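# Close look at the chain arrangement
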Amino acid sequence: MTKSLPISKWMVYNSYLKVIAKDGGAGIDRQSIDMFNENLSDNLYKIWNRMTSGSYFPPPVRTVFIPKKQGGKRPLGIPTVSDRIAQGVVKDFLEPILETIFHPGSFGYRPGRSAHDAIKQCQDNCIKYAWVIDVDIKGFFDNISHDIMLQLLHQHTQEKWVMLYAERWLKAGVEQEDGSIVARTKGTPQGGVVSPLFANIYLHEAFDKWMDEVNPQNPFERYADDIVIHCSSKEEAEQLLEKLKARMQQYELELHPEKTKIVYCKNYQRNDNNHHDNNSFTFLSYSFQPRTIKSKFGGKRLLVFSPAISQMAKTNIKRVLREILNPRISHVKLEKFAARLNPKIRGWVNYYAKFNRAIGLDMFYYLNELIRQWIKNTYKIKGRAWLYDKYRTIQSSNPDLFYHWRLGIKA
């Protein structure tokens, strides 16, 4: 049987392998990956058959609301398992083409590039440049223009099947809080497989290329829509910010007036004692700010501008620790708390202890205090000395029980 579109069964199967590796929740059809696997061969054939004939239409996106770090909630769009596989086919086709032209200052959702790479480059540039524009695009994923997006995509591929499905995904319906389905006229849902790639194409044209052409003297780091631009002076930053506002308007985007700010990167080499409105910014949950450290030469105290876990990230981690290890739940064994917490602790350590490690690990002393409160409630211990003695006994007999204990955070 001859198919009209050049999509192979291997392309579908390869995308399926990536989807199951990332796991993820069920879409609007409530079909989990396990349920999809029960009839795997037929389900994969169905996706391939429809995609190759041009008759594949994406179902609406299921919406879940997750807490925002700044408070409130943001919508996350969850496609069905089948649709994640279909999106992956297009992503896998486009990504190698786009990787050859994407900017070295772009780090988000790109193979072989990580948030830590972006943070390290940002740290290096804050040493070289005294000023930063901390850019926040207002509701970026929700405000991507479909017409502009498709025009930009067409510059990179003339494959009709890619354009066909890209347009269908952009316009697919979205589930509302009341369960109704509404057609999308702009934006791409956060949570889609292909959405981060669309975002990178959009900002590559709207921002990255423009910076190279108009502001080549200003390096930047961009992780999806999270952007930091480095400037040599406050005047340069102010002028560039005005130009950037106008540039974003050309792409139907707007900078957030309160969250976008100009920051002075103060350190011991910059003898500027003037007052500045902003001396810190947060990038990828790391707070960049002046910090006092002891010099390796002579023990002198020096002021450096460097990244460490942000206060908001610390607050969120402490909240999760309290939710899982509630000291009042004395009927649950400590081993069960450890089993639930250890994967999370390992992830937090791997991410937040990369820069200024001591600050990144500091929050786990709070976890030790929660453990002591649990011991106090469980064993009905009243004296402080007895409590610490019991805590040390448990710790010495189970030194690997909690992941952070293995790192020496035992007090």
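Just above sits the structure.
In short, a report on the structure.

Its place among the elements puts Asn342 in helix H12 (residues 334-352). According to the relative accessible area criterion, Asn342 is buried, its value standing at 9%. If sequence neighbours within four positions are ignored, Asn342 has contacts with Leu401, Phe402, Tyr403 and Arg406.

Let us look at the sheet that holds strand S11 (residues 301-309). Spatially, the three strands line up as an open sheet ordered S9-S10-S11, and their pairing is antiparallel. Looking along the sheet, the strands with just one partner apiece sit at the ends: strand S9 (281-283) and S11. Across the sheet, the axes of successive neighbouring strands diverge by a mean angle of 50°, strand direction being ignored. In this structure, strand S10 (residues 286-294) lies alongside S11, joined through nine bridges in antiparallel fashion. Along S11, the bridge assignment pairs Ile293 with Leu302.

With that out of the way, let us pick up the packing of helix H11 (residues 311-324) against helix H14 (residues 364-379). Remark: H11 packs on H14, axes separated minimally by 10 Å, with the N-to-C direction vectors making an angle of 20°. What the angle tells us is that H11 and H14 run roughly parallel. Once H11 is placed against H14, the crossing between them reads as right-handed. Listed contacts from H14 to Lys318, Leu321 and Arg322 of H11 are Tyr366, Leu367 and Leu370. For the contact of H11 with H14, the residue count by class is four nonpolar, no polar and two charged.

Next up on the list: the environment of Tyr129. If you trace the backbone, Tyr129 turns up in the loop between helix H5 (115-128) and strand S3 (131-136). Here the alpha-carbon distance between Tyr129 and Cys265, two residues 136 residues apart in the chain, equals 7.8 Å.

Look at H11: 20 Å from first C-alpha to last across 14 residues, which is about the 20 Å you get at 1.5 Å a residue. Taken as a whole, H11 has its buried residues at Ala313, Lys314, Asn316, Ile317, Val320, Leu321 and Ile324. Down the axis of H11, the buried side of the element spans an arc of 165°, and every buried residue falls inside it. In H11, those exposed residues whose orientation departs by more than 90 degrees from the buried face are Gln311 and Glu323. Where the residues of H11 are buried, they touch S11, H12, helix H13 (357-361) and H14.

Basis of the calculations
- The residue count restarts for each chain, going from 1 along the sequence in the order it is written.
- Totals for whole chains, interfaces and linings use all residues, but because this is a predicted model, local features are given only for residues with pLDDT of at least 70 and pairs of side-chain atoms are given and counted only at 80 or more.
- The side-chain values count all of the structure's non-hydrogen atoms but skip hydrogen atoms and water molecules.
- Only DSSP runs of H or I with at least four residues qualify as helices, and only runs of E with at least two residues qualify as strands; both kinds are numbered from the N terminus onward.
- Per-residue accessibility, obtained with a 1.4 Å probe over protein chains only, is compared with the maximum for each type, and a residue is labelled buried under 20%, exposed over 50%, and partly exposed between these values.
- Any two residues having at least one pair of non-hydrogen atoms within 4.5 Å are treated as being in contact.
- Strands are labelled as partners when DSSP assigns at least two bridges between them.
- Angles here are taken between N-to-C directions and fall from 0 to 180 degrees, while the axes themselves are lines fitted to C-alpha atoms, restricted in helices to the stretch in contact.
- Note that the term roughly parallel is reserved for angles under 35 degrees, roughly antiparallel for angles over 145, roughly perpendicular for angles of 65 to 115, and oblique for everything else.
- In this scheme the crossing of two helices becomes right-handed for a clockwise turn of the near helix relative to the far one and left-handed for an anticlockwise turn of less than a right angle.
- Nonpolar residues are Ala, Val, Leu, Ile, Met, Phe, Trp, Tyr, Cys and Pro. Charged residues are Asp, Glu, Lys and Arg, and all others, Gly as well, are polar.
- A helix's residues, less one, multiplied by 1.5 Å, set its expected span.
- It is the directions from the helix axis to the C-beta atoms whose arc is reported.

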